[in-house]
Amino acid sequence: MTLRPLLLAAAAFCAACSHTTVPTTMTESGNAPLRLATYNVSLYTEQPGGLVAKLQAGSEQAADIAAVLQRVRPDIVLINEFDFDPQGQAAELFQRNYLEVAQEQGGQPLHYAYRYLAPVNTGVPSGLDLDNNGTVGGEGRERGNDAWGYGLHPGQYGMLVLSRYPIDTAAARTFQLLKWHTLPGATRPLDPDSGQPFWPDAVWQQLRLSSKSHWDVPVDTPNGRIHVLASHPTPPAFDGPEKRNVARNADELKLWHEYLKGESDSDWLCDDQGRCGGLPAAARFVIVGDLNNDPIDGNGRHEAIVQLLQHPRVAPIPAPGSEGARELGLAYAARGIKREGDPAHATGDFGPRNGSLRLDYVLPSIGFETLGSGVHWPLSTEPAAAATKASDHHLVWVDVR
């Protein structure tokens, strides 16, 4: 049997999680630099199976995303907004037809020997009236609003971890099903007119905290085990005066704060496999993802991301930046969109209404030596800038050892 059928068979066997293994000889030193990254690629569609069909047909957007990854060449990267399918077909197609093909604006073909993907809450019907419009489900946005996480089909806006190094799938933890109300000090949205809870008790007790999922994915690198803490909290927008998405975004960030306490007897902090407790105090980690919260500007409760940035287990490193972000931020400022934060630290361009913001993060733990960091956002005059327009977000990377 050839290698590819073996990979497809393995993917079908493990529908909830997938990793691809190709024998490699690791000659790197234990002090070798590791490039850790996150990238919201906006590779999603509005129909089930749409991303598979798009990648099979040939996607210029996917080619541009691959070109960016080929240029930056991270060792471990979290991909946000990559539609999940149970067989992992989209991930396999992206690897084989795009990453492993030299792209015009990219570099040499890029091979990731391992990958991890799992189900997410987006698009999964809850059977509840979560937007309080008097109906359950419906069409379009109404259907999406009543899913456990906003989405038009199960798996939309999913997540994917790609790694050069082995992933311990058996030890991976997912928190897709964790109930929101179990989070200590959970923020229950209120109707500002009545002062009453936006959701009745029967609904509030069932709500899931994570709009997609929260993952702890252990990767065994030449520098030792790293726990990749991956998530994509809901944007603090697209709600009403009750600000339910603002509250959810802040509490999704707070979950990592609680997880890093390392308490082994947290009977509320139980993963989808029934294992309880936080991340052990000695474990090294990196928090990655589109966290949808700028520490200074934009919507959202800024204290939620600031508390994570200032967590005693998170390395106090300078914010990654780019000249492309600075260029755009200054252009927006000239048009009246003012920002308090350094425009060079922005990670995405969200149009003339919202401007540029810092939403994407790579936060290594203490215990690493940080060698450098950046946002892949070339100046508009550089040829490499063309491929970055495939997404409204830009890849963020940090080098550690």
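- An unreviewed UniProt entry annotates the protein as Endonuclease/exonuclease/phosphatase family protein of Stenotrophomonas koreensis.

1. Comments concerning the sheet that holds strand S7 (residues 224-231)
And then number 1: Strand order in this open sheet of 5 strands is S5-S6-S7-S8-S11, and the pairing throughout is mixed. Strand pairing shows two members of the sheet lacking a second neighbour, strand S5 (173-174) and strand S11 (360-364), which therefore form its edges.
And then number 2: One ladder, built from 4 bridges, connects S7 with strand S8 (residues 285-290); its direction is parallel. Counted as the bridge partner of alanine 230 is valine 288 from S8.

2. Observations concerning the UniProt feature "domain: Endonuclease/exonuclease/phosphatase" (unreviewed entry) in the protein
And then number 1: On the UniProt side, "domain: Endonuclease/exonuclease/phosphatase" (unreviewed entry) is annotated at positions that read residues 38-393 here.
And then number 2: What you have in residues 38-393 is 23% helix and 17% strand, and the ends, taken at the C-alpha atoms, are 10 Å apart.

3. Notes on the sheet that holds strand S2 (residues 76-82)
And then number 1: Spatially, S3-S4-S2-S1-S13-S12 is the arrangement adopted by the 6 strands of the open sheet, whose pairing is mixed. Both edges of this open sheet fall to strand S3 (114-116) and strand S12 (370-375), since each of them pairs with a single strand only. Between one strand axis and the next, the sheet turns through 15 degrees on average, direction left out of account.

4. Observations regarding the pairing of strand S1 (residues 34-43)
And then number 1: In terms of burial, S1 is a largely internal element, 9 of the 10 residues being buried.
And then number 2: Direction of pairing for S1 relative to strand S13 (residues 396-400): antiparallel, over a ladder of 5 bridges. Bridging across to S13, leucine 34 finds its partner in valine 400.

5. Thoughts on the packing of aromatic side chains
And then number 1: Scanning all chains against the criterion turns up 10 aromatic pairs.
And then number 2: Consider the rings of phenylalanine 82 and phenylalanine 94, whose centres lie 5.8 Å apart with planes at 55 degrees: the pair is tilted. Of this pair, phenylalanine 82 sits in strand S2 while phenylalanine 94 sits in helix H4 (residues 89-99), placing them 12 residues apart in sequence. Across the pair, phenylalanine 94 and phenylalanine 82 agree in class, each one buried.
And then number 3: Aromatic pair phenylalanine 175 and tyrosine 259: ring centres 5.6 Å apart, planes at 75 degrees, arrangement edge-to-face. With a gap of 84 residues between them, phenylalanine 175 in the loop between S5 and helix H6 (201-204) and tyrosine 259 in helix H7 (residues 244-259) connect regions that are remote in the sequence.

6. Regarding the pairing of strand S6 (residues 214-221)
And then number 1: Of all 8 residues that make up S6, 7 are buried, and the element is covered over most of its length.
And then number 2: Alignment of S5 against S6, held across 2 bridges, turns out to be antiparallel. Its bridge partner being in S6, threonine 174 is matched across the sheet by tryptophan 215.
And then number 3: Sheet topology places S6 next to S7; 8 bridges connect them, and they run antiparallel. Paired with proline 218 across the strands is histidine 227, a residue of S7.

7. Here we look at the confidence of the model for the protein
And then number 1: This prediction gives the protein a mean pLDDT of 92; 93% of its residues lie at or above 70.
And then number 2: The model gives residues 1-29 a pLDDT under 50, and that stretch makes 44 contacts with residues more than four places away or in other chains.

8. Comments concerning the environment of methionine 159
And then number 1: Position of methionine 159 relative to the elements: it lies in strand S4 (residues 159-163).
And then number 2: Considered as a pair, methionine 159 and glutamate 81 are 78 residues apart in the sequence and their alpha carbons are 6.1 Å apart.
And then number 3: Leave out the neighbours within four places in its chain, and methionine 159 touches Leu78, Ile79, Asn80, Phe82, Tyr116, Leu117, Val120, Ser213, Trp215, Ala230, Ser231 and His232.

Here is what the cut-offs are and how they apply
Residues numbered from 1 in each chain as written. Predicted model: local features only at pLDDT ≥ 70, side-chain atom pairs only at ≥ 80, totals over all residues. Heavy atoms only, no water. Pairing = 2+ DSSP bridges. Helix = DSSP H or I, 4+ residues; strand = E, 2+ residues; numbered from the N terminus. UniProt positions renumbered as here; feature names shortened; annotations may be inferred. Axes fitted to C-alpha atoms, helices over the stretch in contact; angles between N-to-C directions. Buried < 20%, exposed > 50% of the residue type's maximum accessible area, 1.4 Å probe, protein only. Phe/Tyr/Trp six-rings, centres within 6.5 Å; stacked < 30°, edge-to-face > 60°. pLDDT = per-residue confidence, 0-100. Contact = heavy atoms within 4.5 Å.

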